[in-house]
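In case you want the letters, here they are:
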Amino acid sequence: MKILKRLIVILILTVILLSNYSLTFAEPNLYYIGGYPLGFDLSGEGALIVGISEVICEDDIYLPARDAGLKSGDYILSLNGKEIKTAEDIDQVLKGYNGGPIIAEILSNGEKSIKNLYPKLDLSGTYKIGVLIRDYLSGIGTVTLVNQDGKFASLGHPIIDEEGKLLGVGGGLTYKCKIIGIIKGERGRAGELSGSIIRNEIIGDIVKNSPVGLMGKFDDDFYKTEKFELANPKPGNAEIYTTISGCNPMKYTISIVKVEKDKENRDIVVKITDEKLIKYAGGIVQGMSGSPIVQNGKIVGAITHVFLNDPTRGYGIRIDKMVSELM
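Summarised in this report is the structure supplied together with it. (Residues numbered from 1 in each chain as written. Predicted model: local features only at pLDDT ≥ 70, side-chain atom pairs only at ≥ 80, totals over all residues. Heavy atoms only, no water.)

**Structural notes on the overall build of the chain**
Now for step 1: Helix and strand content of the chain: 5 helices and 23 strands.
Now for step 2: Going through the 327 residues of the chain one by one, you find that 44% of them count as buried.
Now for step 3: Pairs at least 24 apart in sequence give 68% of the contacts found in the chain among residues at least 6 apart.
Now for step 4: For the chain, the exposed surface amounts to about 17000 Å²; the carbon and sulfur share of it is 52%. (Helix = DSSP H or I, 4+ residues; strand = E, 2+ residues; numbered from the N terminus. Buried < 20%, exposed > 50% of the residue type's maximum accessible area, 1.4 Å probe, protein only. Contact = heavy atoms within 4.5 Å. Areas by Shrake-Rupley, 256 points an atom, 1.4 Å probe, with all protein chains shown as cover.)

Here it is, written out as structure tokens:
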């Protein structure tokens, strides 16, 4: 009986020791650092109306979309029950039009409604509803970080529509991208990175356009670069990882001037101190949004904006806000 009790005690101690061992040596929550450019195509939640146009007919000029209450910035989600994503989808519905109203599901200012559209036969003999559609939005940005599952965060700020509202995104594709030129930033004028999107190299999908940037998932493991822990920013010296030529990021020195809380994507005020980055870019330029900020060997934020009156200064976002959208 005593031997049994001793065995039980030994087993319990062994479990405790093993548990402590695993806790002591467990790998911390690490993220792969970004800093490299990303090309993207975004599709909307529906077909985005960017303009209302006239339909010129034999007897008169009509504005079917305006008459139905549609306006720029609205999304056409469906027509007669058919999901609409592009101008071509609209054309397909109109090809089968045989009179009467077309039932349109519309998203306007975040609210859905049903409208009755009455197409008109234009001079070419084609039915039109009088809208100009943008099928998708293309651009480049910078990847901030990637988690162990390949989910990535980029930009640090949302993509907005013509009215300054969060652009509704139904998905999209990401591509490898190469920076081929740079317009240097000057006082009163923001600089800009010029990138070439390599469309035959699709590397992942866009999942959402969030208030803190584009979120998505990569298909392969090219992103498995250097791993970093996360931390809170504080005033002092730091670095950014960004790409101003080619595809590979470089490190540049900065100073974190001020840190605040709850300032949307302007929590951090930074100043570029790296003479090389100032020489070639003037400081922060468009396309650098999402460049990770590293302080004391840990990712603490990402670049989001540049000061127009001083391109060596700009804003950043705290990294915890971006990571929360990956969950």
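So that's the structure; there's more coming.
**Concerning the side chain of aspartate 89**
Now for step 1: Among the secondary structure elements, aspartate 89 is positioned in helix 3 (residues 87-95).
Now for step 2: Buried and unpaired, aspartate 89 has lysine 82 as its nearest opposite-charge partner, separated by 4.7 Å.
Now for step 3: For aspartate 89, the contacting residues outside a window of four places in its chain are Lys82, Glu83 and Ile84. (Lys, Arg positive; Asp, Glu negative; His and termini not counted. Salt bridge = Lys/Arg side-chain N within 4 Å of Asp/Glu carboxyl O.)

**Observations concerning the nonpolar core**
Now for step 1: Membership of the largest hydrophobic core comes to 21 residues, with the highest contact counts inside it found for Val146 and Phe218.
Now for step 2: Those elements that place two or more of their residues in this core are strand 2 (37-52), strand 5 (75-79), strand 11 (131-146), strand 14 (191-210) and strand 15 (213-218).
Now for step 3: A per-element tally of this core places strand 2 first, with 4 residues.
Now for step 4: Excluding its chain neighbours within four sequence positions, the residues that come into contact with phenylalanine 218 are Tyr36, Leu38, Val143, Val146, Gly150, Phe152, Thr174, Ile203, Gly204 and Tyr223.
Now for step 5: Counting residues in hydrophobic clusters, the runner-up holds 19 residues, among them Ala238, Val270, Ala281 and Ile284. (Core = buried A, V, L, I, M, F, W, Y, C linked by side-chain atoms within 4.5 Å.)

**So, the packing of aromatic side chains**
Now for step 1: Throughout the structure, instances matching the rule amount to 9 aromatic pairs.
Now for step 2: A centroid spacing of 5.9 Å and a plane angle of 65° characterise the contact between tyrosine 36 and phenylalanine 222, whose relative ring orientation is edge-to-face. Placement of the pair is tyrosine 36 in the loop between strand 1 (31-33) and strand 2 and phenylalanine 222 in the loop between strand 15 and strand 16 (227-230), with a sequence separation of 186 residues.
Now for step 3: Residue classification places tyrosine 36 among the buried residues on the basis of a relative accessible area of 9%.
Now for step 4: Judged by relative accessible area, which is 28%, phenylalanine 222 ranks as partly exposed.
Now for step 5: Judged by centre distance (6.0 Å) and plane angle (25°), the ring pair of phenylalanine 218 and tyrosine 223 falls under stacked.
Now for step 6: What makes phenylalanine 218 buried here is its relative accessible area of 3%.
Now for step 7: One aromatic cluster in this structure is built from Tyr32, Tyr36, Phe152, Phe218, Phe222 and Tyr223. (Phe/Tyr/Trp six-rings, centres within 6.5 Å; stacked < 30°, edge-to-face > 60°.)

**Quick notes on the pairing of strand 17 (residues 236-242)**
The side chains of a regular strand alternate between both faces of the sheet.
Now for step 1: Bridge count between strand 17 and strand 18 (residues 250-259): 7 bridges; the pairing is antiparallel. In the sheet register, glutamate 239 faces strand 18, and the bridge partner there is threonine 253. (Pairing = 2+ DSSP bridges.)

**Examining the pattern of salt bridges**
Should the charged atoms of two oppositely charged side chains come close, the side chains can pair.
Now for step 1: Summed over all chains, the structure comprises 9 salt bridges.
Now for step 2: Among the ionic pairs, arginine 189 bridges to glutamate 186, the shortest N-O distance being 3.9 Å.
Now for step 3: A salt bridge links aspartate 267 to lysine 321; the shortest N-O distance between them is 2.9 Å. Of the two residues, aspartate 267 is situated in the loop between strand 18 and strand 19 (268-272) and lysine 321 in helix 5 (residues 319-324); the sequence distance between them amounts to 54 residues.
Now for step 4: Residue class for aspartate 267 comes out buried when judged on its relative accessible area of 1%.

**A few points about helix 3**
Count 3.6 residues to each turn of an α-helix, and residues three or four apart come out pointing the same way.
Now for step 1: Within helix 3, burial applies to Asp89, Ile90, Val93 and Leu94. The arc that holds the buried residues of helix 3, viewed along the axis, is 135°, so those residues lie on one side. In helix 3, the exposed positions angled more than 90 degrees off the buried face are occupied by Glu88 and Lys95. (Arc of directions from axis to C-beta.)

**Quick notes on the side chain of asparagine 147**
Now for step 1: You can see asparagine 147 is positioned in the loop between strand 11 and strand 12 (151-154).
Now for step 2: Excluding residues within four positions of it along the chain, asparagine 147 makes contact with Tyr31, Tyr32 and Tyr223.

**Concerning the pairing of strand 8 (residues 111-117)**
Now for step 1: Pairing geometry for strand 7 (residues 102-108) and strand 8, over 7 bridges, is antiparallel. Looking across to strand 8, one finds that leucine 107 is bridged to lysine 112.

**As for unusual backbone geometry**
Most of the time, phi is negative for any residue but glycine, and the peptide bond is trans.
Now for step 1: Its identity as a non-glycine residue notwithstanding, asparagine 80 has a phi of 50°, on the positive side.
Now for step 2: Mapping asparagine 80 onto the fold places it in the loop between strand 5 and strand 6 (82-83).
Now for step 3: When its relative accessible area of 46% is taken as the criterion, asparagine 80 is described as partly exposed.
Now for step 4: Within the chain, glutamate 264 stands out as a residue other than glycine whose phi angle is a positive 55°.
Now for step 5: Residue glutamate 264 is classed as exposed on the basis of its relative accessible area, which comes to 61%.

**Re a nonpolar patch on the surface**
Now for step 1: A grouping of Ile56, Ile61 and Leu123 is seen on the molecular surface, where their side chains present a nonpolar patch of about 290 Å² in accessible area.
Now for step 2: Topologically, isoleucine 61 is positioned in strand 4 (residues 61-62). (Patch = residues over 30% accessible without salt bridge, like charges linked within 9 Å, V, L, I, M, F, W, Y side chains within 5 Å.)

In short, shape yes, function no, at least from these values alone.
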